[in-house]
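Each chain, written out:
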Amino acid sequence: MPPPNLEGLEAELRQHHATLPIERFGLDSLGRMEFCIHLELDHGVVITPETLITMESVEALIQSIRAQVD
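Below, the structure is looked at part by part. Numbering of residues begins from 1 in every chain and follows the order in which that chain's sequence is written. For a predicted model such as this one, the threshold for reporting local features is a pLDDT of at least 70, and the threshold for listing and counting side-chain atom pairs is 80 or more; totals across whole chains, interfaces and linings nevertheless cover every residue. The side-chain quantities take in all heavy atoms of the structure and omit both hydrogens and water.

**Side note on helix α2 (residues 29-43)**
Only DSSP runs of H or I covering at least 4 residues are called helices, and only runs of E covering at least 2 are called strands; the numbering of each starts at the N terminus. Given the number of residues in a helix, its expected span is that number minus one, multiplied by 1.5 Å. For α2, built from 15 residues, the straight-helix expectation of 21 Å at 1.5 Å per residue is met to within 8% by its first-to-last C-alpha distance of 21 Å. Whenever a nitrogen or oxygen atom comes within 3.5 Å of another N or O atom, the pair is scored as a polar contact, on the condition that within protein one atom can donate a hydrogen and the other can accept it, and that pairs from neighbouring residues in sequence are kept only if both atoms are in side chains. Of the residues that open α2, the one with a side-chain oxygen 3.2 Å from the backbone nitrogen of Leu30 is Asp28. After α2 finishes, the residue Gly44 shows a positive phi value of roughly 70°.

Take a look at the structure:
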């Protein structure tokens, strides 16, 4: 697993999307799965599609990612 570039990921998410609700991204179940796989393989962060769908905003996603690395 590659070392996570969480600062870059967090900056990208905060810059454009921090206050947006997750559902605004229009991810269907396959899209959520692909996004979660991307987070795990490219950044070493494990978020399940089930957890992702319960998050109210991208900020909640950022906080979940931070909790895994802090």
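Additional details are given in the paragraphs that follow.
**Details of the environment of Thr51**
By the secondary structure assignment, Thr51 is in helix α3 (residues 49-54). Between the C-alpha atom of Thr51 and that of Leu61, which follows or precedes it by 10 residues, the distance is 9.4 Å. One polar contact links Thr51 to Thr48, side chain to side chain, over a distance of 2.8 Å.

So, to be careful, I would describe these as geometric facts and stop short of saying anything about function.
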